[in-house]
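Examining the three-dimensional arrangement
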Amino acid sequence: MQYIRHRTVAISVGLCLMVGMLLVQFGGMPVFGDLPTRLELLTFDARLNWSKGLSVANSQTKVVIVDIDERALREHGRWPWSRARVAEMVERLVDAGAAVVAFDVMFSEPEVNPATEVSEILKEQGEGSRVLAEQLSQFERDFDRDRRFAEVLAGKEVVLGYAFYPRESNRAGLLPQPLPLSNPQVVANSSLVAMQGYNANLPVLTEAALGGGFFSLDPDLDGVVRRAPLVVRHDDQLYGSLALEALRHYLLAESFTLRTSLLKGLETVEAIEIDGFGAIPLDAHGQMIIPYLGRQASFPYISASDVLAGTQKAQVEGAIVLVGTTAPGLFDLRSTPVQAVYPGVEIHANLIDAILAKRFLEQPDWSRGADFMVLLVAGLLMAIAVPFFTALRQIFWTMAVATAVVGLNLVLWRAGLVLSLAMPLILIALLATFSLGYGFLVESRSRRQLKDMFGQYVPPQIVHEMSENPGKYGFDGETSELTVLFADIR
């Protein structure tokens, strides 16, 4: 009876711990704050780096990064460069055969026209200088670098970058045209994040360029970039990211379809489908999990200095070219799961490569239910079975259950499905620790009671044997019919 009572207590407490863990993960109980989320993010990073080690070391599609690096800044001056120099770089890239050129930089402020600036100064110097100022003003068009850049952009496969903001703190520049959707009616009632403010390129540049895509990235609560928005909503219209816009023109896609499902009256986003290519899985906020290929330089880098010098043409031919920066002073370095300091432009390269290779990591709608079932089954296996095992068998059983959970999770990960891993492992460790601790306390108490009760009346050898198997002995009385022989043998 005592044996059964102890096991019942152990099972009951184990089940209570399991229910508590389920409530923490799925019941919205903020008992531990954001600790469970942070632990899940750590396990995500560990799996990403594990799978990265088993995958290819570099891109399988032609994505090239033109880097405005420290060498380029040293040779051509600090950023921002003259629009004439940027226009020259675009011309050289197009001449080298680049399929699409996408800028991970923004041209939101007009470049000072030296002819206009000198003319304004001369007008303030008096009547004699005004004549010279009027003559100089005739050259203003020739020194208009923004117009020169716009002329170079016209008719070329160039995508400009800009930024969106969740609050209407700023609206500067001109936004490009929204994405062409086959079902635009779902956008207004969708689960997408509604962006209010933006900082876009000069109107003359936006109108001349083939398209534009936002490069805004939102890190997770620990400051690490694991997801990137591919689409956002602004004024009930859909806008695409820099990566999606570059792919749109690379694939010559004419339209998109926003795939949603109606949930509680809201069009919950599941994917975006590119006409003639296929679907890209997204979360409800329009974000895609970034399947990083590896650390920095997983994609070919070309210094902007080499582009301006006319070298490295072979690498550019037929490629999607992303123009960005790795220079620390230009502040486009991010923290990622694969590297603490990582160029933002290479994040967009990873997105493009993953979409073209159809190498996705996704959390479908049913993943939350799958997480619940894994936690429930692992908890039941531990809570019900472990109390009946010896300490050594408990350890082996715990290792077996944990190995099964991790193995199943990694198999699904390799198939592109992301399920929870931290919470099941924590529950398994918690139940194993409790069972071992409770078993040790119960066994120690039983041995002590046996020794105290029988030590004065039973030979030490028998007490020792009883203490080795305390479960076979109890302190409850029993009624039996016995025949007892007392004999005095000499």
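Computed from a predicted model, the values in this text were never measured in an experiment.

Here is what the cut-offs are and how they apply
- Residues numbered from 1 in each chain as written.
- Predicted model: local features only at pLDDT ≥ 70, side-chain atom pairs only at ≥ 80, totals over all residues.
- Heavy atoms only, no water.
- Helix = DSSP H or I, 4+ residues; strand = E, 2+ residues; numbered from the N terminus.
- Buried < 20%, exposed > 50% of the residue type's maximum accessible area, 1.4 Å probe, protein only.
- Areas by Shrake-Rupley, 256 points an atom, 1.4 Å probe, with all protein chains shown as cover.
- Core = buried A, V, L, I, M, F, W, Y, C linked by side-chain atoms within 4.5 Å.
- Lys, Arg positive; Asp, Glu negative; His and termini not counted.
- Salt bridge = Lys/Arg side-chain N within 4 Å of Asp/Glu carboxyl O.
- Polar contact = N/O pair within 3.5 Å; in protein donor to acceptor, adjacent residues only side chain to side chain.
- Pairing = 2+ DSSP bridges.
- Patch = residues over 30% accessible without salt bridge, like charges linked within 9 Å, V, L, I, M, F, W, Y side chains within 5 Å.
- Expected span 1.5 Å × (residues − 1).
- Axes fitted to C-alpha atoms, helices over the stretch in contact; angles between N-to-C directions.
- Parallel < 35°, antiparallel > 145°, perpendicular 65-115°, else oblique.
- Contact = heavy atoms within 4.5 Å.
- Nonpolar A, V, L, I, M, F, W, Y, C, P; charged D, E, K, R; others polar.
- Phe/Tyr/Trp six-rings, centres within 6.5 Å; stacked < 30°, edge-to-face > 60°.
- Left-handed = near helix turned anticlockwise from the far one by under 90°.

This part is about the overall build of the protein. Assigned secondary structure in the protein consists of 16 helices and 17 strands. Across the 490 residues in the protein, those meeting the buried criterion constitute 46%. For the protein, the exposed area adds up to about 25,100 Å²; of that, 57% sits on carbon and sulfur atoms.

On to the nonpolar core. The biggest cluster of nonpolar side chains holds 54 residues, and the ones touching the most others in it are Leu-238, Ile-272, Ile-280, Met-288 and Ile-352. Per-element tally for this core: the top contributor is helix H12 (residues 344–357), with eight residues. Formed by 37 residues, the second largest nonpolar core is a distinct cluster that contains Leu-73, Val-158, Ala-304 and Val-323.

Moving on, we get to the side chain of Asp-69. By the element assignment, Asp-69 lies in the loop between strand E1 (63–67) and helix H3 (70–76). Within the buried core, Asp-69 has no salt-bridge partner, and the shortest N-O distance to an opposite charge, that of Arg-71, equals 5.6 Å. A distance of 3.2 Å separates polar atoms of two side chains, one belonging to Asp-69 and the other to Ser-303.

Sheet topology places strand E10 (residues 256–263) next to strand E11 (residues 266–274); eight bridges connect them, and they run antiparallel. Among the inter-strand pairings, Leu-262 is bridged to a residue of E11, identified as Glu-267. Hairpin remark: E10 followed by E11, antiparallel, with two residues in the connecting loop; positive phi at Lys-264, about 55°. Judged from the four bridges that link them, E11 and strand E12 (residues 278–281) form a sheet pairing that is antiparallel. Residue Ile-274 lies in a different strand from E12, and its bridge partner there is Gly-278. Following E11, the chain reverses through three residues before pairing antiparallel with E12; Gly-276 in that reversal takes a positive phi of roughly 80°.

Once that is clear, we can look at a nonpolar patch on the surface. Residues Leu-392, Ile-395, Phe-396, Met-399 and Leu-436 make up a contiguous nonpolar surface patch of roughly 490 Å² in combined accessible area. At four residues, the largest contribution of residues to the nonpolar patch is made by helix H14 (residues 391–414). Tracing the backbone shows Leu-436 in helix H15 (residues 422–454).

With 19 residues, helix H13 (residues 367–385) should reach 27 Å at 1.5 Å per residue; the first-to-last C-alpha distance of 27 Å fits that figure. Those residues of H13 that sit buried are Ser-367, Ala-370, Asp-371, Leu-375, Ala-378, Gly-379, Met-382, Ala-383 and Ala-385.

Moving on, we get to helix H9 (residues 242–250). By the criterion of burial, H9 is predominantly enclosed, with eight of the nine residues buried. Residues of H9 that are buried include every one of Leu-242, Ala-243, Leu-244, Glu-245, Ala-246, Leu-247, Arg-248 and His-249, and no others. Phi turns positive one or two residues past the end of H9, at Leu-252, with a value near 55°.

This part is about the environment of Ala-429. When you line up the elements, Ala-429 lands in helix H15. What makes Ala-429 partly exposed here is its relative accessible area of 40%.

As a further point, take the packing of H13 against H14. Contact geometry of H13 with H14 gives a least axis separation of 11 Å together with a crossing angle of 170°. In terms of their interaxial angle, H13 and H14 are classed as roughly antiparallel. Residues Val-374, Ala-378, Leu-381, Met-382 and Ala-385 of H13 form the contact with H14, whose participating residues are Trp-397, Thr-398, Val-401 and Val-405. A per-class count over the contact of H13 with H14 returns eight nonpolar, one polar and no charged.

Applying the stated criterion across every chain yields a total of 18 salt bridges. Note that Asp-222 and Arg-226 form a salt bridge whose closest N and O atoms lie 2.8 Å from each other. Here Asp-222 falls in the partly exposed class, since its relative accessible area comes to 29%. Taking the relative accessible area as the measure of exposure, Arg-226 reaches 4% and is therefore buried.

So, about the packing of aromatic side chains. Enumeration according to the criterion identifies 12 aromatic pairs in this entry. Relative to Phe-372, the ring of Phe-26 lies with its centre 5.5 Å away and its plane at 70°, an arrangement referred to as edge-to-face. Of this pair, Phe-26 sits in helix H1 (residues 2–26) while Phe-372 sits in helix H13, and the two are 346 residues apart along the sequence. Given the relative accessible area of 32%, Phe-372 is considered partly exposed. An angle of 75° between the planes, with centres 5.1 Å apart, marks the rings of Phe-107 and Phe-149 as edge-to-face.

Close contact between H9 and H12 brings their axes to 9 Å; oriented N to C, the two are set at 45°. Classified by the angle their axes make, H9 and H12 are oblique. Here H9 and H12 pass one another in a crossing that is right-handed. Contacts between H9 and H12 involve Leu-242, Ala-243, Ala-246, Leu-247 and Tyr-250 from the first element and His-348, Leu-351, Ile-352, Ile-355 and Leu-356 from the second. Of the residues that constitute the contact of H9 with H12, the class distribution is nine nonpolar, one polar and no charged.

Within strand E3 (residues 158–165), seven of the eight residues are buried, which leaves it mostly tucked inside the rest of the structure. Pairing of strand E2 (residues 100–103) with E3 involves two bridges; the strand directions are parallel. Residue pairing across strands places Ala-102 opposite Val-159, the latter belonging to E3. Direction of pairing for E3 relative to strand E6 (residues 211–214): parallel, over a ladder of four bridges. By the bridge assignment, Gly-161 is partnered in E6 with Gly-213. Note that E3 and strand E5 (residues 197–199) share three bridges and pair antiparallel. Within the sheet, the bridge partner assigned to Ala-163 lies in E5 and is Asn-199.

Functional significance is not addressed by these values, which are geometric in nature.
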